[in-house]
Amino acid sequence: EVTRPGWWKNHLAPEDAAEACRRSQGLIEQTELRHEYRFLKNDGTAIWVLDSLRLTTAPGAHPAQATCAWLDITDLKEAELTLARNEARYRDLFEANPFHMWIADPDTYQFLAVNDAAVRHYGYSREEFAHMTTRDIRPPEDVATFQESFALAPAGTLHAGTWRHIKKTGEQIFVEITRHAMLYQGKPARVILARDITDQLRAETALKENEEQLRLSLQAS
């Protein structure tokens, strides 16, 4: 079956046939070629193959002859597709989240992505965030402790406590941080959720002060 004229071309997946044929024709002017496409097995199911061709006749010779080696990469392509779908779903949830979120590099602390809520709240544009690290939104005296905590964070979700952040205006806020290890564009990263609890802490402080004043007032009476 394999030696019948047209066998390879007739078994190309329809959606990849034109491009695979075009790429293969380019081998006439080259000595080596590698490309990926879907190929139909004898039962009609499609697999992804990595096709490695090496020209065995002189470039430009007719008819051209080549040796061909196939590698079945179906599992790899399916894994890549699943990852892409998951990243797309995650990106939608990330952008629409009302909490302030960003993705950071665990080694350089570079901001890799920032959602709309964080852009609005912190006052920096996405372009500005792209040239910043997560150290830049902290008071200088907190940086060393932050780096130690970030580096030692285990995989999975971690409640990382309360930290001080600084907005573009210079205003200092208190945020409750939750971190999670993830893959971003195929590389290890950390996704951070920051909940501004500044008003909550102020209200708690005011309540404690009022309670203390009431206690002192009762003692005096």
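As shown above, the structure is provided for reference.
The shown structure was predicted, so the numbers you read here are calculated from the model rather than taken from an experiment. (Residues numbered from 1 in each chain as written. Predicted model: local features only at pLDDT ≥ 70, side-chain atom pairs only at ≥ 80, totals over all residues. Heavy atoms only, no water.)

Comments concerning the overall build of the protein
Part 1 of the reasoning: Looking only at helices and strands, the protein features seven helices and eight strands.
Part 2 of the reasoning: Taking 2.2 N^0.38 as the reference for a compact globule, 221 residues should give roughly 17 Å; the C-alpha atoms of the protein span a radius of gyration of 29 Å, well beyond that estimate.
Part 3 of the reasoning: Its C-alpha atoms give the protein principal-axis dimensions of roughly 110 × 35 × 30 Å.
Part 4 of the reasoning: Here the protein holds 221 residues, and the buried ones make up 31% of them.
Part 5 of the reasoning: Contacts in the protein between residues far apart in sequence, at least 24 positions, make up 39% of those at least 6 positions apart.
Part 6 of the reasoning: Accessible area for the protein stands at about 14,100 Å²; split by element, carbon and sulfur atoms hold 54% of it.
Part 7 of the reasoning: Looking at the protein, you have 26 positive and 33 negative side-chain charges, and the mean spots of the two groups are 2 Å apart. (Helix = DSSP H or I, 4+ residues; strand = E, 2+ residues; numbered from the N terminus. Rg over C-alpha atoms; globule rule 2.2 N^0.38 Å. Buried < 20%, exposed > 50% of the residue type's maximum accessible area, 1.4 Å probe, protein only. Contact = heavy atoms within 4.5 Å. Areas by Shrake-Rupley, 256 points an atom, 1.4 Å probe, with all protein chains shown as cover. Lys, Arg positive; Asp, Glu negative; His and termini not counted. Charge placed at Lys NZ, Arg CZ, Asp CG, Glu CD.)

What about unusual backbone geometry?
Part 1 of the reasoning: One non-glycine residue, Y109, lies in positive phi territory at about 70°.
Part 2 of the reasoning: Mapping Y109 onto the fold places it in the loop between strand 4 (100-104) and strand 5 (111-114).
Part 3 of the reasoning: At Q185, a residue that is not glycine, the phi angle is positive and equals roughly 55°.
Part 4 of the reasoning: Looking at the element boundaries, Q185 is found in the loop between strand 7 (172-184) and strand 8 (187-196).

As for the packing of aromatic side chains
Part 1 of the reasoning: For the coordinates displayed, the defined rule picks out ten aromatic pairs.
Part 2 of the reasoning: Seen from their ring centres, Y109 and F146 are 5.6 Å apart, and the 55° between their planes marks the pair as tilted. Of this pair, Y109 sits in the loop between strand 4 and strand 5 while F146 sits in helix 6 (residues 143-151), and the two are 37 residues apart along the sequence. As far as the burial class goes, Y109 and F146 line up, both buried.
Part 3 of the reasoning: Just above the ring of F146 sits the side chain of R138; from NZ or CZ to the centre is 3.7 Å. (Phe/Tyr/Trp six-rings, centres within 6.5 Å; stacked < 30°, edge-to-face > 60°. Lys NZ or Arg CZ within 6 Å of the ring centre and 35° of its normal.)

As for the pattern of salt bridges
Part 1 of the reasoning: All told, the structure shown has 13 salt bridges when counted by the stated rule.
Part 2 of the reasoning: Of the charged contacts in the structure, one is a salt bridge between D16 and R38, with a shortest N-O distance of 2.7 Å. Of the two residues, D16 sits in helix 2 (residues 14-25) while R38 sits in strand 1 (residues 32-40), which places them 22 residues apart along the sequence.
Part 3 of the reasoning: Exposure remark for D16: the relative accessible area of 11% places this residue in the buried category. (Salt bridge = Lys/Arg side-chain N within 4 Å of Asp/Glu carboxyl O.)

Let's talk about helix 2
Part 1 of the reasoning: With twelve residues, helix 2 extends 17 Å from end C-alpha to end C-alpha; this agrees with the ideal 16 Å at 1.5 Å per step.
Part 2 of the reasoning: Along helix 2, the residues that are buried comprise D16, A17, A20 and C21. Each buried residue of helix 2 lies within a common arc of 135° when the element is viewed along its axis, so the set occupies one face. Facing away from the buried side of helix 2 by more than 90 degrees, the exposed set consists of E15, A18 and R22.
Part 3 of the reasoning: At its buried positions, helix 2 is contacted by helix 1 (7-10), strand 1 and strand 2 (46-55). (Expected span 1.5 Å × (residues − 1). Arc of directions from axis to C-beta.)

Regarding the pairing of strand 1
Part 1 of the reasoning: The alternating pattern of strand 1 places L33, H35, Y37 and F39 on a buried face and E32, R34, E36, R38 and L40 on a face that is not buried.
Part 2 of the reasoning: Strand direction decides the pairing type here: strand 1 and strand 2, joined by nine bridges, are antiparallel. Pairing of E36 across the sheet is with L50, part of strand 2.
Part 3 of the reasoning: Connecting strand 1 to the antiparallel partner strand 2 that follows it, the hairpin turn spans five residues, and G44 within it adopts a positive phi of roughly 95°. (Pairing = 2+ DSSP bridges.)

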